[in-house]
Amino acid sequence: MTTAEVPACHTPAAPAYPRDRNLPDLFQAQVSARPHAPAAWHRGEELTYAQLDARSDHVAARLLDHGVEPGSAVGVCGGRSLEALVAVLGVLKAGCAYVPLDEELPPARLRVMVEDGDVHAVVTLPGARRPRGPRTFVEVDPVSADLSGHVPVQARRAVSRPATNCAYVMFTSGSSGRPKPVVITHRGVVRLVLSDPGLPPPGPGDRVLHGYSLSSDASTIEIWNGLLTGACLVLVDRADLVSPPALEDVLRDHGVTVAYLTTSVFHHVARTRPRALSGLRFVSAGGEAMDSSLAATVMAACPDTTVVNFYGPTENTVVSTVHVLRAAPAQDMGVPIGRPFGASTAHVLRADGSVAAPGEEGELYVGGDGLAVGYAGDAELTAERFVTVDVHGRPERLYRTGDRAVRAHDGVLEYRGRLDRQVKLRGHRIELDEIEARLRAHPAVGEAAVELDGDRPVAYLTAAEPGDPLPLEALRAYCAQWLPSQAVPLLVAMRQFPVGGSGKVDRKRLSVNAATAGTAAPVESVLDAIAHVWELVLRERPAPDDDFFAVGGDSLLASEIVTRTLAVLNIDAAFGSSLIRSLLDTPTLAGFAEAVRAVRGSAAAAPAAPVDFARERELGVTLPPAQRPGPRPENPSEVLLTGATGFVGAFLLRRLLQATSARVHLPVRATTSAHAERRVRAALGRYGLRLPDGAWRRVVCFPADLAAPGLGMSPDHTAKLAGCLDLVVHNAAQVNFLYPYQALRAANVESTREIIRLAGPRRVPVHFLSTIAVLAGFGTAGVRHVDEDAELDHADRLSMGYAESKWVAEGLLRQAAAQGLPTAVYRPYEITGDRRHGACNTDTAICSLFKTIAETGLAPDIDLPMDFVPVDYVAEAVVHVATRQRAGDRVYHLTNPRPALLGDVLERMRAAGCALRMLPYQQWVGELVRHVARHPTSPTAPFVSLCVDRGHKADISVKEMYLDGTFPRLGRRNLEQALDGSGLHCPPVDADLLDRYLEYFFTSGYIPRPRRPEPELEELV
């Protein structure tokens, strides 16, 4: 997004400052002026401006070399560090916008940020785990590493970008609902640093504290007030930031002169060690209301320190107003938020949009050069929160803060609380912020946070003096003096408040921390160990009754939980699948711990409960007589495509739009239609696919749920689709090689039954994407060849829930076809990257195998078929058959007529520079298990069970069921006849195709490019 999307309106004249310069240009001016001056320091390591410039140039060049286009949103994944500064500057120099992806955030939130921020490339910092979703990764070298040994990169940058372009995308806290991606411009940040003549920024010789995570607003003001002014950033670890004695040592020992603190940290220091700030020439607080008594305490202890109260939302680039405390505020008065900051505006408006009179309360609107472009990908919410208002006769674009404020007669603004913190309890209007302020004013109370629990407020309190008991009865009586009885809060004493990476109180964790604060009883070691594993993976400390999936877990994180548990408690990897089943059956921490205890006392893993597959494949649906008008699949006007946010689905969508004039309906797991469209756009972008605007007008995205009854659609919507569709392509599935059949039944079997119900009345053809894995049971039963028309059999030998669910789904379609529903089933082998670019879905088992082989240098000596079918070929073949062939209970094997073996891939990897050693299969499996135990986030971790679990009715592993000589050869006559004359041909799995895929792995950063050894010089005689 750029400000070109913002409607033109009046902005009051701003103070003179370089508003048309961008961040890299202003940073470069500091590099030229003081190349050898220190730019940043952390843990004994220092970067000068010249060194930071050179290292960030390196990152910019690598991003551009990886094909990242200027204007893209690029994630920066990791924590606060010198390398993070290198990454942020490198992203900006490449002409891109950075999106902070803090490693302390829960994985579920990171996935949302990647998706909603439209992030397809990520710069990863040393030690950071890669988020899921992006296709390109660039790693930043530790600052301790010598770059001279690297392959030289051309020091090049993108063409200088306008100041109105996006500099970064910051996500709001998301305390209620999905976090919102706020698009901030270069101009907004430059305004933050250089636009206020009454508040000069730091300068050369200043040392600026940098203590907040990249995903915090506070980091923006820290980083750029340092790097755009010639000052030196002093990075402080989180533990030191929240410990006043440790923070005092850092400030003193490293000569820090400027600190931009969050209000929570400012209050904590003020209460326990106010003189810690006395060496500063400037300190500010922001993010929450400043306590007047604590401000007075700091001013008394630090007479030479300028104390400032900042106010501003993320949507106005951190700071909108400023109040410099000239004298200690009265204790019965709040600290004002002051006047508009620099090139900013602030207005108090009535509900009708008119300007409130002095002393009259209204909603605070802010604007000026710091105003964000809006929320990325959400035009509706942007229009709701960013409005054009006629102020004093001129239109001005403003952000509605949702805060209540009053402009005093002298023009100073006073904060009165949140509009959404006004609640009505049994007829009484109550201000939760007022309760907080009153409680903080009590001499026994340190901090107070009031939240609503049902219909009663709950006040969480800390003591004014750490360690002192809180007089709860006296405090309750104190509240009763000025509150109606039904509004007197429940008082909960806490030792300290949980603080998030932003430095603000983490209100979502208050109740959890309060519930466990007094629990000092020893816990059983197994439960304690597993709780630590959950906290490590989910980034939140769980309670015994917490449900793994309710607190952010998903299928891949379940695999990591089990892998780490096996390693921590030294449990045999053969128990992995049974522990996955236990986690699904009893997903609480306590329930999983009980399952782990049982496993530790067992000699062998318990088998999964048997499934009656013949009964499962009974359709249970009787199709009504065919209704008119019938569908026209040969020239469709309306198509339903499921699974459009996946790898194959994205290519199917593009092909349907290219090959037909149909409108394509896309059910997507989402909260709104706009959210559904964002998810589809993100999927297309992930694989480098672009649709012209004209094509997008034929795309209809809507919220749905594959695993819900009726696919989560309303009856009216279902009826409307049933009455108009010409074609259904059912591509969606939950693909998981660890989950048992029952866990996949709703998404993979019941969804197919719902599709049959939808398509049945008008006999709309259903084209179903299955898998060759449904045929694995034939191999262990001794069948050497399977034609497309062969009756499915041997489900009891499949040994994998995913294959079993697809086997049953095919059976449902076969029964529907017997009742007259046109169906076609496609069984692709290994779907790989497209033929032109080689862009692969790297979440697959085969890609993880290649990555593990490259990382370990070890490969199994097995004849594993490499039957690759490029994804664009699959999409073209399916759409061609669906629109050119009459569907009628046909099966098509999408296989490669000229496959290869794993040995052929290894040969190309060696040619690319990989040093590999072959091991017998069982020995390699042992090395694989040890590798995953050491690296539980390895992409291979979810697939280890395939190598250690034994096949049903076969004394081999599940993986060995797919080896050449065991897995049957597959006929493809139906496919060849259907594609005859189409011009579609599957390319052979040869050196050209394999090298294209390897190059994609190297270029995207999925597999580090091997460094070829330097040629040895002949010795001169």
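Cut-offs applied
- Residues numbered from 1 in each chain as written.
- Predicted model: local features only at pLDDT ≥ 70, side-chain atom pairs only at ≥ 80, totals over all residues.
- Heavy atoms only, no water.
- Domains from an automatic or database assignment.
- Helix = DSSP H or I, 4+ residues; strand = E, 2+ residues; numbered from the N terminus.
- Buried < 20%, exposed > 50% of the residue type's maximum accessible area, 1.4 Å probe, protein only.
- Contact = heavy atoms within 4.5 Å.
- Pairing = 2+ DSSP bridges.
- Axes fitted to C-alpha atoms, helices over the stretch in contact; angles between N-to-C directions.
- Core = buried A, V, L, I, M, F, W, Y, C linked by side-chain atoms within 4.5 Å.
- pLDDT = per-residue confidence, 0-100.

- Per an unreviewed UniProt entry, the chain goes by the name Thioester reductase and belongs to Kibdelosporangium phytohabitans.

## Topic: the domain arrangement of the chain
Logical step 1: Looking at the chain, the domain boundaries give domain 1 (17-144 + 158-187), domain 2 (339-417), domain 3 (424-497), domain 4 (527-601) and domain 5 (638-1003).
Logical step 2: Each of domain 2 and domain 3 has a C-alpha centre, and the two are 31 Å apart.

## A closer look at the side chain of Thr842
Logical step 1: Structurally, Thr842 is set in the loop between β34 (830-832) and α27 (845-856).
Logical step 2: The exposure class of Thr842 is buried, given its relative accessible area of 18%.
Logical step 3: Leaving out residues up to four positions away in the same chain, Thr842 has contacts with Cys847, Tyr1000, Phe1001 and Tyr1006.

## Points about the sheet that holds strand β26 (residues 490-493)
Logical step 1: In space, the three strands of this open sheet follow the order β24-β25-β26, with mixed pairing throughout. Sheet topology places β24 (445-453) and β26 at the edges, where each strand pairs with a single neighbour. Strand after strand, the sheet turns through a mean of 25° between neighbouring axes, direction not considered.
Logical step 2: Here strand β25 (residues 456-463) runs beside β26; their pairing, made up of four bridges, is parallel. Looking at the pairing, Val458 lines up with Leu490 of β26.
Logical step 3: Seen against the sheet, helix α12 (residues 432-440) touches β24 and β25 and runs at an angle of roughly 155° to β24.
Logical step 4: On top of the sheet, helix α13 (residues 472-480) reaches β24, β25 and β26; it is set at about 145° to β26, its chief contact.

## Let's talk about the environment of Ala259
Logical step 1: You can see Ala259 is positioned in strand β11 (residues 258-262).
Logical step 2: Overall, the relative accessible area of 1% leaves Ala259 in the buried class.
Logical step 3: Sequence separation between Ala259 and Gly211 is 48 residues, and the spatial gap between their C-alpha atoms is 9.0 Å.
Logical step 4: When residues no more than four places from it in sequence are discounted, the contact partners of Ala259 are Leu209, Leu280, Phe282, Val283 and Ser284.

## Description of the nonpolar core
Logical step 1: The biggest cluster of nonpolar side chains holds 81 residues, and the ones touching the most others in it are Leu52, Leu63, Trp224, Leu227, Phe310 and Leu364.
Logical step 2: Looking at this core, the element that brings in the most residues is helix α3 (residues 82-93), giving nine residues.
Logical step 3: The contact partners of Leu63, leaving out residues within four places of it in the chain, are Val68, Val74, Gly90, Val91, Ala94, Val123 and Val138.
Logical step 4: Leu623, Ile772, Ala803 and Met961 belong to the second-largest nonpolar core, a separate cluster that totals 52 residues.

## Brief notes about the confidence of the model for the chain
Residues shown with low pLDDT carry predicted positions that ought not to be read at fine detail.
Logical step 1: With 92% of its residues at a pLDDT of 70 or more, the chain shows a mean pLDDT of 89.
Logical step 2: When the criterion is pLDDT under 50, residues 1-12 qualifies, and its contacts beyond four places in sequence or with other chains add up to 28 contacts.
Logical step 3: A low-confidence stretch, residues 151-155 stays under pLDDT 50, and its non-local contacts, those more than four residues away or across chains, total five contacts.

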